[in-house]
Amino acid sequence: MLSERWNDVEGGFHPASAPDYLPVERLREVQLRRLRAVVTRAYDNVDLFRARMGERGLTPADIRTLDDIAQLPFTVKVDLRDTYPFGLFASPMGEIVRLHASSGTTGKPIVVAYTRDDLNVWAEVMTRTFAACGLHRGDIVQNAFGYGLFTGGLGAHYGAEALGATVIPVSGGNTERQLMVMKDFNVSAVCATPSYFIHVIERANDMGLDLRELPLHTGIFGAEPWSEEMRRRIQDGAGIRAYDIYGLSEIIGPGVGSECEHQDGLHIFEDHFYPEIIDPETGAVLPDGEEGELVLTTLSKQAMPIIRYRTRDITRIITETCACGRSLRRIRRVGRRSDDMFIIRGVNVFPSQVEAALLAVEGTLPHYQIILTRDHGLDQMAVEVEVTPEVFSDKVRALEDVRAELAKAIEQIIGIRVALRLVEPRTIARSEGKAKRVIDKRAI
Ligand code: DLL
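Throughout this description, residue numbers start from 1 for each chain and increase along the sequence as written. Two thresholds apply to this predicted model, a pLDDT of at least 70 for residue-level local features and 80 or more for giving and counting side-chain atom pairs, whereas whole-chain, interface and lining totals are computed over all residues. Hydrogens and water molecules were not included; the side-chain quantities draw on all heavy atoms of the structure.

A. Representation of the environment of T166 within the structure. By the element assignment, T166 lies in strand β4 (residues 166-168). Taking the C-alpha atoms as reference points, T166 and V391, 225 residues apart in sequence, are found 41 Å from one another. Contacts: residue pairs with any heavy atoms within 4.5 Å of one another. Beyond its immediate chain neighbours, meaning those up to four positions away, T166 contacts D139, I140 and V141. A helix here means a DSSP run of H or I that spans at least four residues, while a strand means a run of E at least two residues long, and both kinds are numbered starting from the N terminus.

Okay, here's the thing in structure tokens:
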């Protein structure tokens, strides 16, 4: 059977990937065993969790089936802030070998911890990620995720090394050096945030370098939402297959889920991270197939077990099994978070809706920003988007036509009129990591 698998055909099957193909009943057994162990570990070592279990009259012995998970209390981001920096750790510092931190939008970051075993699991799930994206020993991986407190850089680094690939730890930024490395080192795969990689493609074009002519064949992108249209532009612009990977610091970092060769939903490495979808309003668990908020439980984490973490990411579990043969359930790509929604004149708007409208129009570039202001008590929304030099110089079609078409497209999707500003390429600030799409000046 193994030989029929794409990874194996490509020579990329890695022993670490074996759990991807566990029979479902066996997978559920593993999950239940690990769930009981992790709940016990958190109960015994984390005051906040024990107190919350106590409020519900629960002890770890009450977890007898996987469905019993629904009785357990949620964990939210504020819990990590309130217990800053080490309050949720379940291991003594002597066993913790790594700390990362994620900067929130306000105040103190949240801190996450790993034991040696946790790092091994992280390398394993990242190895499985790279294998699912078709990489193997012999690939030369340029890792442009930021190294440092951000989990992207080191997470991808150790996974690619464990796979047996050659890793270039270039980190984010210094785009000209990225391009030099990509060309001179025969790079075959790149890891980056999608918004940064779009910028890399543009710089290459400026320098007269056609990425499609390089050995580069695969891109591994994540850490922020990116639309199918963005994927199309990346794949066409660089001549690569672009895969979406998902993760978050609170759970482990990258390595929670990954697309496979079918690029149709992300398999969750659910032998380590148990997914549920809940109604964000009521907290009720929704059946597979329904859209809601993704909740994740770490099944094997030691240093910082996290039970029922409310990610705020909106998605749904795909009910059909995948043609790749993995038994791991898939989620739809995460296009939005419940907390990146903004309300303008009573209308709920997600940046992803604006992105979809913008990129559907010919001549736009995937660089945009939404600026919210308040004028005499009335909310105003302006959208700035870069357009190609041809459009900007009125060569192909009148600038005003494009503007009108865009304004109409956005109005149709979100139902309100916005001020649209078409700007020259390279006007909007570039990020080496996650792009900042919304600037809300209303509170100031
Ligand atoms: O962004 C970990 C990561 C690094 C994932 C590299 C993938 C690649 P945080 O900085 O804690 O961790 O941010 C986590 O980013 O809750 C999502 O809202 C968003 N996010 C991550 N991956 C995706 C994705 C890393 N593929 C938060 N699509 C998550 C959409 C994503 N959003």
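B. The arrangement of unusual backbone geometry in detail. Of note, the amide linkage connecting Y84 to P85 takes the cis form, showing an omega dihedral of -5°. Within the secondary structure layout, P85 lies in the loop between α4 (77-82) and β1 (96-102). At Q263, a residue that is not glycine, the phi angle is positive and equals roughly 45°. Along the polypeptide, Q263 turns up in the loop between β8 (253-258) and β9 (266-268). Positive phi outside glycine occurs at R312, with the angle close to 75°. Structurally, R312 is set in strand β12 (residues 309-315). Look at R312 and you get partly exposed, because its relative accessible area is 29%. Buried residues are those whose accessible area, probed at 1.4 Å on protein chains only, stays under 20% of the maximum for their type, while exposed residues exceed 50% and partly exposed ones sit between those limits.

C. Representation of the site of the ligand. Put simply, a residue is near a molecule or strand once any heavy atom of it comes within 4 Å of that molecule or strand. Around the ligand sit 21 residues in total, of which D244, I245, S249, D313 and K434 are the nearest. Whenever two N or O atoms come within 3.5 Å, that pair is a polar contact, provided that in protein one can donate a hydrogen and the other can accept it, and provided that, for residues adjacent in sequence, both atoms are side-chain atoms. Within the backbone of A223, an N or O atom sits 3.1 Å from a nitrogen atom of the ligand. For the ligand, an oxygen atom lies 2.6 Å from a polar atom in the side chain of D313. Method for areas: the Shrake-Rupley scheme with a 1.4 Å probe, in which residue coverage is limited to the protein chains shown. In isolation the ligand exposes 610 Å². Once the protein is present, 93% of that is buried. Contributions of two or more residues to the shell around the ligand are made by α6 (151-163), β7 (241-248) and β8. Gly falls in the polar group here, along with every residue not listed as nonpolar (Ala, Val, Leu, Ile, Met, Phe, Trp, Tyr, Cys, Pro) or charged (Asp, Glu, Lys, Arg). Classifying every residue of the shell around the ligand by side-chain character gives nine nonpolar, six polar and six charged.

D. Fine view of the packing of helix α2 (residues 24-45) against helix α3 (residues 47-55). Where α2 contacts α3, the two axes come as close as 6 Å, and the packing angle between them is 105°. Overall, the two elements α2 and α3 adopt an arrangement that is roughly perpendicular. In this structure, α2 contributes V39, A42, Y43, D44 and N45 to the contact, and α3 contributes D47, F49, R50 and M53. Looking at the contact of α2 with α3 residue by residue, the class counts come to five nonpolar, one polar and three charged. For helices, the fitted axis covers only the stretch in contact; all axes are lines through C-alpha atoms, and the angles between them, taken along N-to-C directions, range from 0 to 180 degrees. For classification, angles of less than 35 degrees are called roughly parallel, those exceeding 145 degrees roughly antiparallel, those between 65 and 115 degrees roughly perpendicular, and all remaining angles oblique.

E. Local environment of the environment of I278. Among the secondary structure elements, I278 is positioned in strand β10 (residues 273-278). Separated by 156 residues in sequence, I278 and W122 have C-alpha atoms that sit 26 Å apart. Not counting residues up to four positions away in its chain, the partners in contact with I278 are F74, G283, A284, V285, L286, G292, E293, V295, R308 and R310.

F. Structural view of the pairing of β8. Judged by how many residues are buried, β8 sits mostly within the fold: six of six residues are covered. Sheet topology places β8 next to β9; two bridges connect them, and they run antiparallel. Pairing of G257 across the sheet is with I268, part of β9. For two strands to pair, DSSP has to find at least two bridges joining them.

G. Spatial organisation of the pairing of strand β18 (residues 364-375). Most of β18 is tucked away: nine of the twelve residues are buried. Two strands pair when backbone bridges link them, and β18 and strand β19 (residues 378-387) are joined in this way by nine bridges, in the antiparallel orientation. Residue pairing across strands places I371 opposite A382, the latter belonging to β19. What sits between the antiparallel neighbours β18 and β19 is a turn of two residues, in which H376 has the positive phi angle 50°. Of the strand pairs in this sheet, β18 and strand β21 (residues 438-440) are connected by three bridges, and their pairing is parallel. Note on β21: the bridge partner recorded for I370 is V438.

H. Structural view of helix α12 (residues 399-414). One less than the number of residues in a helix, times 1.5 Å, gives the span that helix is expected to have. Taking 1.5 Å as the rise per residue, α12 with 16 residues should run 22 Å; its terminal C-alpha atoms sit 23 Å apart, in good agreement. Buried within α12 we find V402, L406, A407, A409, I410 and I414. The buried residues of α12 occupy an angular sector of 160° when projected down its axis, which confines them to one face. Summarising the geometry of α12, the exposed residues directed more than 90 degrees from the buried face are K408 and Q412. Looking at the buried side of α12, the elements it contacts are β17 (347-349), α10 (351-359), β18, β19, α11 (389-392) and β20 (419-423). Phi for G415, located one or two positions after α12, is positive at around 80°. Read the arc as the range of directions from the helix axis to the C-beta atoms.

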